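# Topology and contacts: notes
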Amino acid sequence: MSLKAQEVATQNGQPDASYDTIEAKLTFRHYPGDRFSHESLGLSVEEVGDIYRNMLLQRRFEERSAQMYGRQKIGGFLHLYIGQEAISTGSAYAIKPGLDSAITAYRDHGLALALGMTSNECMAELFGRVDGCSKGKGGSMHFFSKEKGMFGGHGIVGAHIPVAAGIAFAHMYKSDGGVCICYLGDGAVWQGSFHETLNLASLYGLPVVYVIENNQYAMGTAVDRATAETDLFKQCVSYAMPGSLVDGMDVFSVCQAMRDHVDMAREGQPSLVEIRTYRYRGHSMSDPGKYRTKEELEAKKNEDPILRLKSYIIQENLMSNEALDVLDMEVKAEVAASVTFADESPFPPLEDIYDHVYTQEDFPFLT
Amino acid sequence: MAELQLREAIRAAMVEEMDRDENIFLMGEEVAEYNGAYKVSEGMRDRFGDQRVIDTPISENGFAGLGLGAAMNGLRPIIEFMTWNFAFVAIDQIVNNAAKIRYMSGGQFSFPIVFRGPNGAAGQLAATHNTSVESLYSCFPGLKVISVSNPDDAKGLLKSAIRDNDPVVFLESEFMYGMRGQVSEAEDYIIPIGKARIAREGDAVTIIGHNKSYWRALEAAEMLEADGYAAEVIDPRTIRPFDWDTVIASVKKTNRCVVVDESNPFASVSSEIAFQIQARAFDYLDAPVHRITAKDTPAPYAKNLMEYYLPSAEDVYRACRAVMYLD
Ligand SMILES: Cc1ncc(C[n+]2csc(CCOP(=O)(O)OP(=O)(O)O)c2C)c(N)n1
Ligand SMILES: [Mg+2]
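Please read these numbers as outputs of a predicted model, since none were measured by experiment. (Residues numbered from 1 in each chain as written. Chains lettered and ligands numbered in written order. Predicted model: local features only at pLDDT ≥ 70, side-chain atom pairs only at ≥ 80, totals over all residues. Heavy atoms only, no water.)

## Observations regarding the sheet that holds strand S10 (residues 271–276) of chain A
Residues and elements named next belong to chain A.
- Reading across the sheet, the 6 strands line up as S3-S9-S10-S6-S5-S4 and stay open at both edges, with parallel pairing between neighbours. The open sheet terminates on both sides in strands that have one partner only, identified here as strand S3 (29–31) and strand S4 (101–103). For this sheet, the mean inter-axis angle between neighbouring strands, taken without regard to orientation, is 20 degrees.
- Running over the sheet, helix H9 (residues 251–266) touches S3, strand S5 (180–185), strand S6 (208–214), strand S9 (243–247) and S10 and is turned about 145 degrees from S3. (Pairing = 2+ DSSP bridges. Helix = DSSP H or I, 4+ residues; strand = E, 2+ residues; numbered from the N terminus. Axes fitted to C-alpha atoms, helices over the stretch in contact; angles between N-to-C directions. Contact = heavy atoms within 4.5 Å.)

Rendered as structure tokens:
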């Protein structure tokens, strides 16, 4: 049996006289759903439309990717972001494009599209073609775009967390005013790199926001089977930084939280944000999802961030059904075009295998 | 020329480069306030300030990765490991990130970073503190690996490593930090990466050795000289990329070769050198390539065992006589 801190300090609910006690009052910010509106965020109707379009683009892009995976156009692992789109899009509306940086793990298609990478370069990368965002060298888990401030796409759980601190360190060192946002899964919290890095970030006052996308599972392991303290945002306490909890099914809550935390980062205060979300698909394409019930999945589908925004738009009379339908058609057409583009893009020539290992052009590889 | 200790030559290289380029910074355990665990960075914090000479907690994985992110975003970090033994907890950052992200990004990001620190045997510290890592890191395309044997090479090669736009694993030695040697005072003294040094010319046998093993090679060459034979001694200096041209030309001349390598023997630098020599100069060989390495065991503690564990000049000398069929 494990004793909570409180129980250790008390006896039958009364302070245990044989011990002195230390009391710590902890306060965290909470950003629940349905708390913020486009008006409170100062978003124009047009911007709300863009947000909706962007989330929908991620959804349709990935649905199409799943199909293409089935047709063996895509190899390797394919981890879909479906259900989590409010996080990528919501935070893209909290950063300064062209200045700020972002980095994530292998579930990276959504963030790439939110940062403005094109469907074409993303689909071509999935297909392993030369026109892919990583020239066919990275695949699904390793999307990069220096131009868009997308520092990857990283396949080793937790390995990108220190890298994010370094990206932020460089922003600070150069005094360019930039901030780095680092996304990680609930499963990555138990990599040592997370703890080493949060401490470093706090010590050095780095302009970084760590965002735990708590989608409830690390592959088949539910959070409470891997984590003793299931409020992941409380990890901030050990590293003397602010922490928040956010409803990740509401894009406005995400956007507000990320704006607040990005502001802190810009002032040299790193922080931790736990965003609770849900992935509707399996961990990757091979996962039948036997570790969760149908009922749980169906219940979560009622919170779908895209449907939620759609009904908000209709309720608030921001756009007509017809206008939304037009958007839908546009997005479908964009995704369909990306499949054609990817299919027509050539495979990388064999001699490309030696490119991009080193910056040195004439490295004498053993052959 | 100026006489410097190895640690001073390394420091001089860092100081000169940091004076030249503001984007270079030094980070590691005890590098700033304590002036370096082995006093390599002595005085550097006073010169460059806390912004550029930065102490870390004992978080190798964390600060190695931090260096990589800084490199991706335009800086040129020098990351000091107190010793390379402690970099094993950061190996994911070096092997998966430093070596591979450039490739996986289709060449969008580069990693102008140096990871440096002492490598290999350091006395009676037992197995965890006596690892030679050059064979390991040389396995990974994307990394460059330099291992220096003297102050002059240390200065010229570290300056090159700092200027290089690819990640460099730079291997020093606790045993040699206090070693003195003449160091060029030429302005901007640069030794190119990937070029071996022929330290001593000869025609009887080629002996190849880097870092401390270079000195064993040289001692063996002196013993052979007493026997009336001139050994050619080559310090490869860079392990990856390796200067095959210099080694193969030498073997074609001497027809015999002994490799001295402080790594454990299996799949080591010496294995690769022996393979390449047989592939490229088979018809020139008058004897199989021999090698003297650390024993195929973890490093022991007891003084006698540790001496037995490491390559000795006597071992190298005997191997040379063997390939010359003298005994
Ligand atoms: C160091 C490491 N260990 C194991 C894996 C295999 N693996 C890939 S994803 C994953 C689960 C991670 O879950 P989480 O961090 O919650 O992210 P999510 O998949 O939910 O987005 C595991 C164990 C890996 N890629 N890297
Ligand atoms: Mg998860």
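## Here's the deal with the packing of helix H2 (residues 45–70) of chain A against helix H5 (residues 119–126) of chain A
All names here are of chain A.
- Put simply, H2 and H5 touch, their axes get as near as 12 Å, and they point 25 degrees apart. As far as their axial angle goes, H5 and H2 are roughly parallel. In terms of crossing hand, the pair formed by H2 and H5 is right-handed. For the pair formed by H2 and H5, the contact residues are Leu57, Phe61, Arg64 and Ser65 on the first element and Ser119, Cys122, Met123 and Leu126 on the second.
- For the contact of H2 with H5, the per-class residue count stands at 5 nonpolar, 2 polar and 1 charged. (Parallel < 35°, antiparallel > 145°, perpendicular 65-115°, else oblique. Left-handed = near helix turned anticlockwise from the far one by under 90°. Nonpolar A, V, L, I, M, F, W, Y, C, P; charged D, E, K, R; others polar.)

## Overview of the layout of surface pockets
Residues and elements named next belong to chain A.
- If you add up the space inside the second largest pocket, you get close to 420 Å³.
- Considering the residues around the second largest pocket, the lining is formed by 26 residues, among which Tyr106, Arg107, Val157, Met219 and His283 are closest to the centre.
- Of all the elements in the fold, those that place two or more residues in the lining of the second largest pocket are S5 and strand S7 (217–218).
- Take the lining of the second largest pocket: its biggest share by element is 3 residues, from S5. (1 Å grid on protein atoms, 1.4 Å probe; cavity = no way out; pocket = protein on both sides within 12 Å on 5 of 7 lines; lining within 4 Å. Points joined across faces, edges and corners; volume = space filled by probe spheres on them.)

## Quick word on helix H8 (residues 212–226) of chain B
All names here are of chain B.
- For H8, spanning 15 residues, the distance from its first C-alpha to its last is 22 Å, which sits close to the expected 21 Å at 1.5 Å a residue.
- All of the buried residues in H8 are Lys212, Ser213, Tyr214, Ala217, Leu218, Ala220, Ala221 and Leu224.
- Packing partners of the buried residues in H8 comprise strand S9 (197–200), strand S10 (205–209), strand S11 (231–235), strand S13 (257–261) and helix H12 (313–323). (Expected span 1.5 Å × (residues − 1). Buried < 20%, exposed > 50% of the residue type's maximum accessible area, 1.4 Å probe, protein only.)

## Overview of the interface of chain B and chain A
- Opposite the 51 residues of chain B that make contact, chain A presents 43 residues.
- By the criterion of area lost to chain A, the three top residues of chain B are Asn73(B), Tyr103(B) and Met104(B), representing 19% of everything that side buries.
- Viewed at the interface, chain A and chain B are joined by 0 salt bridges.
- Here chain B and chain A share 26 residue pairs in polar contact (both at pLDDT 80 or more) between them. (Buried area = accessible area lost by both parts, 1.4 Å probe. Salt bridge = Lys/Arg side-chain N within 4 Å of Asp/Glu carboxyl O. Polar contact = N/O pair within 3.5 Å; in protein donor to acceptor, adjacent residues only side chain to side chain.)

## Focus: the packing of helix H3 (residues 85–92) of chain A against H9(A)
Residues and elements named next belong to chain A.
- Two numbers describe how H3 lies on H9: the axes approach to 8 Å, and their chain directions differ by 45 degrees. Comparing the axis directions of H3 and H9 gives the class oblique. In this structure, H3 crosses over H9, and the sense of that crossing is right-handed. Contacts between H3 and H9 involve Ala86, Ile87, Gly90 and Ser91 on the former and, on the latter, Val251, Val254, Cys255 and Met258.
- Residues that form the contact of H3 with H9 fall into these classes: 6 nonpolar, 2 polar and no charged.

## Details of the coordination of the magnesium ion (ligand 2)
- Protein coordination at the magnesium ion (ligand 2): the donors are Asp186(A) (OD), Asn215(A) (OD1) and Tyr217(A) (O), at 2.1 to 2.2 Å from the metal.
- For Asp186(A), a relative accessible area of 4% corresponds to the buried category. (Donors = N, O, S within 2.8 Å, 3.2 Å for Na, K, Ca; no water.)

## Section: the site of ligand 1
All names here are of chain A.
- Near ligand 1 you find 15 residues, and of these Tyr106, Arg107, Gly187, Asn215 and Tyr217 are the closest.
- Note that an oxygen atom of ligand 1 is positioned 2.6 Å from one of the side-chain N or O atoms of tyrosine 106.
- Within the contact set of ligand 1, a nitrogen atom lies 3.0 Å away from a backbone nitrogen or oxygen of valine 157.
- Summarising the interface, the protein chains cover 72% of the accessible area of ligand 1, which totals 590 Å² for the free molecule.
- Using a 2 Å cut-off from the grid points, one finds that ligand 1 occupies the second largest pocket.
- In the shell around ligand 1, the residues fall into 7 nonpolar, 6 polar and 2 charged. (Near = heavy atom within 4 Å. Areas by Shrake-Rupley, 256 points an atom, 1.4 Å probe, with all protein chains shown as cover. Sits in = over half its atoms within 2 Å of the grid points.)

## Regarding the domain arrangement of chain B
Residue and element names in this part refer to chain B.
- By the assigned domains, chain B splits into domain 1 (2–183) and domain 2 (197–323).
- Centre-to-centre, using C-alpha coordinates, domain 1 lies 26 Å away from domain 2.
- Contacts between the two partners involve 30 residues from domain 1 and, on the opposite side, 26 residues from domain 2.
- Counting each side, the surface lost to burial between domain 1 and domain 2 is near 2200 Å², with a carbon and sulfur contribution of 52%. (Domains from an automatic or database assignment.)

## Focus: the nonpolar core
- Grouped together as the largest cluster of nonpolar side chains are 79 residues, with contacts concentrated most on Tyr210(A), Phe81(B), Trp84(B), Phe115(B), Tyr137(B) and Ile277(B).
- At 8 residues, helix H6 (residues 160–174) of chain A tops the list of elements feeding residues into this core.
- Here this core spans two domains, since at least three of its residues come from each of domain 1 (2–183) and domain 2 (197–323) of chain B.
- Other than its neighbours up to four places away in sequence, Ile277(B) contacts Ile208(B), Val247(B), Ile248(B), Val251(B), Cys257(B), Phe282(B), Leu285(B) and Val289(B).
- In this structure, Leu41(A), Phe252(A), Ile313(A) and Val339(A) belong to the second largest nonpolar core, which totals 70 residues. (Core = buried A, V, L, I, M, F, W, Y, C linked by side-chain atoms within 4.5 Å.)

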